[in-house]
Every structure is written in C-alpha cells, then in structure tokens.
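Structural overview
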Amino acid sequence: MGTALVYHEDMTATRLLWDDPECEIECPERLTTALERLQQHGLKQRCLQLIAREASEAELGLVHSPEYVALLQGTQALGTRELQALSKEYDAVYLHPSTFHCARLAVGAALQLVDAVLTGAVRNGLALVRPPGHHSQRATANGFCVFNNVAIAAKHAQQKHGLRRILIVDWDVHHGQGIQYIFEDDPSVLYFSWHRYEHGHFWPCLRESDADAVGRGRGLGFTVNLPWNQGCSDVPWLQVGMGNADYVAAFLHVLLPLAFEFDPELVLVSAGFDSAIGDPEGQMLATPECFAHLTHLLQVLAGGRVCAVLECPGIPPVCAGSPGPSLGEPPAARPHEALAQDGALTALGKVLYLLDRILDGQVSSGMAATPVPAAAATLDVAVRYGLSHGAQRLLCVAVGQLDRPPGLTDDGRNLWLNIGVEEAAAPSMFHVSVPLPVTTGGFLSCALALVLPLAYSFQPDLVLVALGPAHGLRDPQAALLAALLRGPAGGRVFALVDEESTPQLATVLARVLNGEAPPSLGPFSMAAPEDTQALMYLRGRLEPRWKMLQVAAPH
C-alpha cells in the first residue's frame, strides 16, 4: 500500500473578484505551487493519484444545514456585486460563481481519501483542496472556509465505515473553531489544536479557543486546545517564533499521550501550513522537516491510517540545513572473547555489512540476529564501527542485559540509553539507565517523555536498537520503539536481536523498519508509581543538558 494524492484542477477556479487585502492570500496558487513542488521532488509520481469528485448534498448535510447548502448553491447565479454583498455577511470570506462547485470538490476529495485509506487501497494520503474548511460551521462560512471538509470526512468515516474513535489533529496557526463546535459534545472524536491565541488577541479571537475549553456534555475532555500565549515584556500577549522543538514537544508531551490512550482508528490532519516558517501572518519558525517528523509520529497511531487535508493559506517554506559536528577521533576497538565462538564472527560480519549499507545510503534501515553469548560484544563493535565509519552522532537504545561498553567517552557523539536495569541512573548526560516499565502507560511515558525527547535533542544520524537477553519487551512494544526512533534519525535505524528471539518479533520489526505502522499495544493501563518516580528523577537530572526535556516555563 502506498500514499494517495487527491486533487482536481477545477479547485483553482475561485479567485477574489474585488479588492480585499484580508482575503487576497486565499488564491489558486496555493494549490498550483504545492502541486509543482510535489512534481519537482518526484513525489507526485510516487502517489496513487485520484481525481476529486463532488460531494453530494446528503454528504454535505452530515454537518451543514439544508438552508446553508441551498444558499451557497444559489451563489452560482449571482453577479459580482451580489457576491461581494453576501461575502460581507461573513468574517474573512469571499464568494465566487465557482465557489459551490469548488467547495463540493474539496469535501469530495477528503471523502475519497478517507475511503481509499479505510478500504486498504492506500496506507495514507493527502487531499490538496481549496477552499479550506476548519473554520466553517453548521450554517456559517468563516475564515476562507465554506464547507468543513475534515468534519464531514469524520462523520463520513463514522457512518459509512462504522468507526468509533477518530483523532483530528489541527496544526494550522489559527484555531479550527468550526471543528470544535461540531464535535465538542462527541466522545468518539478527539480534537487537538495548537494555535496562536495571545489571550484572545489573535484571530479568530474567541474565548473558547483557550486551554480551558475541553468539550462539553459527553464530549467533556475530548477537545484539547494548546494556545500559544506567553510573550515578551514589551508585548506580553504576543507569541510568535515557535520552532521545531516547540512543535515536537507539544506532540510528545501533550498530544501523543492522549492519543495513545484514546487509540484512534483513523487520524485526520487539518494541515494548514501558515504555522510554518516564512508565513507573514503566522510568524512561526518551524521548518518543513518538522512537519515530516510530526507526520511520522502520527503514523504510529491507527495502524498508520493518516489522512491529511490542506487547510488555510501558507507560504511554501524554504530553510537551509546546518552542518553537523566534526567526527573527531573514533573510539578504539577492543578484543572480545565472545566473538570467537561458533557463528559469532559470521553474524558480526552481517551486522557490519548492513551498517556499511546504511551509512553509505544504500538502504535506510536493517536488522540482524546475533548469538546470545555474543550480543553485548557485537553491540560494542557495532557502536564503535558506526562512529568510525561516518556516523557523527549515534544513539544506542539497549534493552535488557546489555551494559554500556567500557571506553566510550562522553564526547557528544554517542548517547547510550539502557532500558531494563533495576534502578534509574544517569552517570552522565550521555549515559542513561531506566527500569523497564511494567504497564502500557508506563512504557508510553518512558518512550514519549524520556526516550524521544532525548533522541530529538541529540539529533542522531544513526540509531542502534539492541534487544538483548531478557529484554522483556512484548512484540508491539519493541515495534513501537523502533518505529518512533525512525523519526529522529531520518529512518536510519539498525535493530539487533538475539538468535533466540521469536519469528514474530523479527517479522514485526522488519515491517516497521520498512515503514509500516506498529501493532496496537492493547488495553491501556496507568503507569505504576515506581515507574513515574524513576522517570521524574531522570528528567530532573537530565533537563539542564537536554532542551526537549525542558517543557516548563522558567521561574
């Protein structure tokens, strides 16, 4: 299964017919530029391309009132002056004779994408649409939005496909109040939005966009607003310049813990890119690469069923890369008696062969098995080999009875994280040990609040995941760990397992390293007090060095 791209050239037909500086940024070039970029990078050709269809009136009625649909249908026959007069009845909206047709195509594109993903035709996809939708309400156009594309797609997934849990992630820089209103009393939809709020000074300037708006009735607790508020002393309510670390931290510490407990069957993304660097209104600093990481984090949910639907305007962002640190001197190799045993050297040869292919870019990831007595020795050689053959920063996540090799220096090039020891410890900022949590909630807390923040702060170009003797991980846990660690390293993950591992473990690891979603962890259970205590101890010890752990505002 691949990725779908849903589009129709007719959605470029609408354009502003009069002078209105507020509305001129919602233009056909939003789609044509995005399509050109996809073509230039060879991505369009790799997708299953679907031509958007018009949504039916019944499908529009899943969210919108018949009177509102009829009103918009009538705009097809209006002249420019009549369209302008009607547009003024709404906030930041312009209408065009083609608006009704384009808006039906936008909804239809979202529905086609959902159908393709839920029927298994593709794994995930993107609907390039306009007009956008997340501000639109039952009987009101708002903020360039006519029909609420994502909300209708969610209702469609519930009614046609019988879904019971849907996650909507809105990363537009504006609050998607339309989606919130539609689902605020519905516990089957978890809605998450981050947005510039500035204590109500930033559009749409609504009290219900603040953090204490969490749904109502049966939907209480299923609306999650993360408003950007804190500002400088000169303008205390202004909040701009949120960057990659802020966005990733919001996912790791707020969204994903909730999402894993909610356990969605489908993830819908209201993908507005006015929250990216270069947009003059959003004024944020998140790079394009950041949104790739956010998407990767969402793909570990819902079996990888992720549908992104374009939202409000955004300037196509451009950013420059930054050079990595110098390689320095590689750590010295040391002899291992364990490698002299039968089969150990052969297994080591396979490990080094795969590492070479990952480091020179021939493959992105790999997996190998090693004899149990030689597991620690093989990992030692693999770490040193990686550091001496091109890896600038190597993260090793060792699970089970695998001690850190002696002689590794805290030079900033290697970070060793051991999961499965008896007591939490941080002998240095680059050597961290944590007990293996005993519950699903404890494991997720460890992964999201410790492992990933360390990984994203360290920015490795190679990750070694070693499952040693008595590692104690269930297959879904091992798969989720490997899948999550693909993000920080750009997919360059090497998994090392012992030869006594089950075929099922090898199969599930191979699948996630190939880009498939990990299996569900099963029923959620709260973290044990001792696991929470160990995690808090380590975070306190490590916060001064690792910025992704610094989630609280300074006092």
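Notes on the structure follow. (Residues numbered from 1 in each chain as written. Predicted model: local features only at pLDDT ≥ 70, side-chain atom pairs only at ≥ 80, totals over all residues. Heavy atoms only, no water.)

What about the sheet that holds strand β6 (residues 223-228)?
Hydrogen bonds along the backbone pair up the strands of a sheet, which may run parallel or antiparallel. Selection rule: Two strands pair if DSSP finds at least two bridges between them. Starting at the N terminus, helices and strands are each numbered in turn, a helix being any DSSP run of H or I of at least four residues and a strand any DSSP run of E of at least two. Between N-to-C directions, angles span 0 to 180 degrees; the directions come from axes that are lines fitted to C-alpha atoms, helices contributing only their stretch in contact. Contacts are assigned to residue pairs with any non-hydrogen atoms lying within 4.5 Å of each other.
Overall, parallel pairing links the eight strands, which are arranged β2-β1-β3-β8-β7-β4-β5-β6 in an open sheet. Strands at the two margins of the open sheet, each flanked by one partner only, are β2 (48-51) and β6. The sheet shows a mean angle of 15° between the axes of neighbouring strands, taken without regard to direction. Strand direction decides the pairing type here: strand β1 (residues 3-7) and β2, joined by four bridges, are parallel. When the sheet's bridge partners are listed, leucine 5 is paired in β2 with glutamine 49. In this fold helix α5 (residues 99-118) packs onto β1, β2, β3 (124-127), β7 (266-271) and β8 (306-310), with an angle of close to 175° to the strand it touches most, β3.

What to know about the sheet that holds strand β11 (residues 414-419)
Strand order in this open sheet of seven strands is β9-β15-β14-β10-β11-β13-β12, and the pairing throughout is mixed. For this open sheet the edge positions go to β9 (365-370) and β12 (425-428), each flanked by a neighbour on one side alone. Averaged over all adjacent pairs, the angle separating strand axes in this sheet is 15°, with direction ignored. Where helix α12 (residues 440-458) meets the sheet, it contacts β10 (394-399), β11 and β13 (431-434), and its direction lies at approximately 170° from that of β11. Here helix α14 (residues 503-513) sits on the sheet in contact with β9, β14 (462-467) and β15 (493-498), set at roughly 160° to β9.

Some details on the packing of aromatic side chains
Keep this limit in mind: Between rings of Phe, Tyr and Trp, where Trp is taken as its six-membered ring, a pair exists when centres lie within 6.5 Å; planes separated by under 30 degrees are stacked, by over 60 edge-to-face, and by other angles tilted.
Under the defined criterion, the tally for this structure stands at 15 aromatic pairs. Here the aromatic rings of phenylalanine 192 and phenylalanine 251 are separated by 6.5 Å at their centres, their planes lie at 90°, and the arrangement is edge-to-face. In this pair, phenylalanine 192 sits in strand β5 (residues 189-196) while phenylalanine 251 sits in helix α8 (residues 244-262), placing the two residues 59 residues apart along the sequence. Each member of the aromatic cluster is reached from another via a ring pair, and the members are Trp171, Phe192, Trp194, Trp228, Tyr247, Phe251, Phe273 and Phe291.

A closer look at the nonpolar core
Selection rule: The definition of a nonpolar core used throughout is a set of buried Ala, Val, Leu, Ile, Met, Phe, Trp, Tyr and Cys residues joined through side-chain atoms within 4.5 Å. The buried label goes to any residue with under 20% of its type's maximum accessible area, the exposed label to any with over 50%, and the partly exposed label to all in between, with areas taken from a 1.4 Å probe on protein chains only.
Membership of the largest hydrophobic core comes to 92 residues, with the highest contact counts inside it found for Trp194, Tyr247, Leu298, Leu301 and Leu485. Here this core takes 13 residues from α12, the largest share from any one element. Each residue touching leucine 301, except ones within four places of it in the same chain, is listed here: Leu167, Leu256, Ala259, Phe260, Pro264 and Val267. Within the second largest apolar cluster, 62 residues are counted, among which are Leu35, Phe144, Cys307 and Leu310.

Quick notes on α14
Cut-off, in case you're wondering: Note that the arc is defined by the directions from the helix axis to the C-beta atoms.
Along α14, the residues that are buried comprise Leu505, Val508, Leu509, Val512 and Leu513. In an axial view of α14, the angular spread of the buried residues amounts to 135°, which keeps them on one side of the axis. Along α14, the residues that are exposed and aim more than 90 degrees away from the buried face are Pro503 and Gln504. Buried residues along α14 sit against β9, β14, α13 (475-485) and β15. Two residues or fewer after α14 comes glycine 515, characterised by a positive phi angle close to 100°.

Concerning the packing of α8 against helix α9 (residues 288-298)
Keep this limit in mind: When describing relative orientation, an angle under 35 degrees is termed roughly parallel and one over 145 degrees roughly antiparallel, while 65 to 115 degrees is termed roughly perpendicular and anything else oblique. Definitions for this section: a left-handed crossing has its near helix turned counterclockwise from the far helix by less than a right angle. A right-handed crossing has that turn clockwise.
With their axes 9 Å apart at the nearest point, α8 and α9 run at an angle of 15° to one another. Accordingly, the angle class assigned to the pair α8 and α9 is roughly parallel. The element α8 and its partner α9 pack so that their crossing is right-handed. Contacts between α8 and α9 pair Asn244, Tyr247, Val248, Phe251, Leu252, Leu255 and Leu256 from the former with Cys290, Phe291, Leu294, Leu297 and Leu298 from the latter.

What about α13?
The buried count for α13 comes to ten of eleven residues, which makes it a mostly enclosed element. Residues Pro476, Gln477, Ala478, Ala479, Leu480, Leu481, Ala482, Ala483, Leu484 and Leu485 constitute the buried set of α13.

A few points about the state of the cysteines
In plain terms, the rule: Two cysteine sulfur atoms form a disulfide, by the criterion used here, when they sit within 2.5 Å.
Within this structure, the stated rule accounts for zero disulfides. For the unlinked cysteine cysteine 47, the closest cysteine sulfur is that of cysteine 307, found at 13 Å. Residue cysteine 205 stays outside any disulfide, its sulfur separated by 14 Å from that of cysteine 312, the closest cysteine.

Considerations on the side chain of glutamine 177
Our working definition: By the criterion applied in these results, polar contacts are pairs of N or O atoms within 3.5 Å in which, for protein atoms, one can donate a hydrogen and the other can accept it, and in which residues neighboring in sequence qualify only through two side-chain atoms.
Relative to the helices and strands, glutamine 177 resides in helix α7 (residues 177-183). Take glutamine 177: its relative accessible area is 2%, and that puts it in the buried class. A polar atom in the side chain of glutamine 177 sits 2.8 Å from the side chain of histidine 135.

Remarks on the environment of glycine 386
Mapped onto the elements, glycine 386 comes out in helix α11 (residues 375-388). What makes glycine 386 buried here is its relative accessible area of 0%. With 208 residues separating them along the chain, glycine 386 and glycine 178 place their C-alpha atoms 50 Å apart. Beyond its immediate chain neighbours, meaning those up to four positions away, glycine 386 contacts Leu359, Ala391 and Leu394.

Quick notes on the pattern of salt bridges
Inclusion rule: Throughout this description, the term salt bridge denotes a Lys or Arg side-chain nitrogen within 4 Å of a carboxyl oxygen of Asp or Glu.
Under the defined criterion, the tally for this structure stands at twelve salt bridges. Where glutamate 184 meets arginine 216, a salt bridge forms, and the shortest distance between an N and an O atom there is 3.1 Å. One end of the pair, glutamate 184, is in the loop between α7 and β5; the other, arginine 216, is in the loop between β5 and β6, with 32 residues separating them in the sequence. According to the relative accessible area criterion, glutamate 184 is buried, its value standing at 18%. Classification of arginine 216 by relative accessible area gives partly exposed; the value is 45%. Between arginine 207 and aspartate 210 there is a salt bridge; the shortest N-O distance is 3.9 Å. A residue is classified by how much of its surface remains accessible, and aspartate 210, at 18% relative accessible area, is buried.

Side note on unusual backbone geometry
The omega torsion across arginine 130 and proline 131 is 0°, close enough to zero to call that bond cis. Tracing the chain through its elements places proline 131 in the loop between β3 and α6 (149-161). Cis geometry marks the peptide bond from tryptophan 203 to proline 204, where omega comes out at 10°. By the element assignment, proline 204 lies in the loop between β5 and β6. For phenylalanine 144, which is not glycine, the phi torsion reads 70° and is therefore positive. Structurally, the position occupied by phenylalanine 144 is in the loop between β3 and α6. A positive phi is found at aspartate 263, a non-glycine position, where the angle reads about 60°. On the secondary structure map, aspartate 263 appears in the loop between α8 and β7. Aspartate 263 gets classed as partly exposed once you look at its relative accessible area, which sits at 32%.

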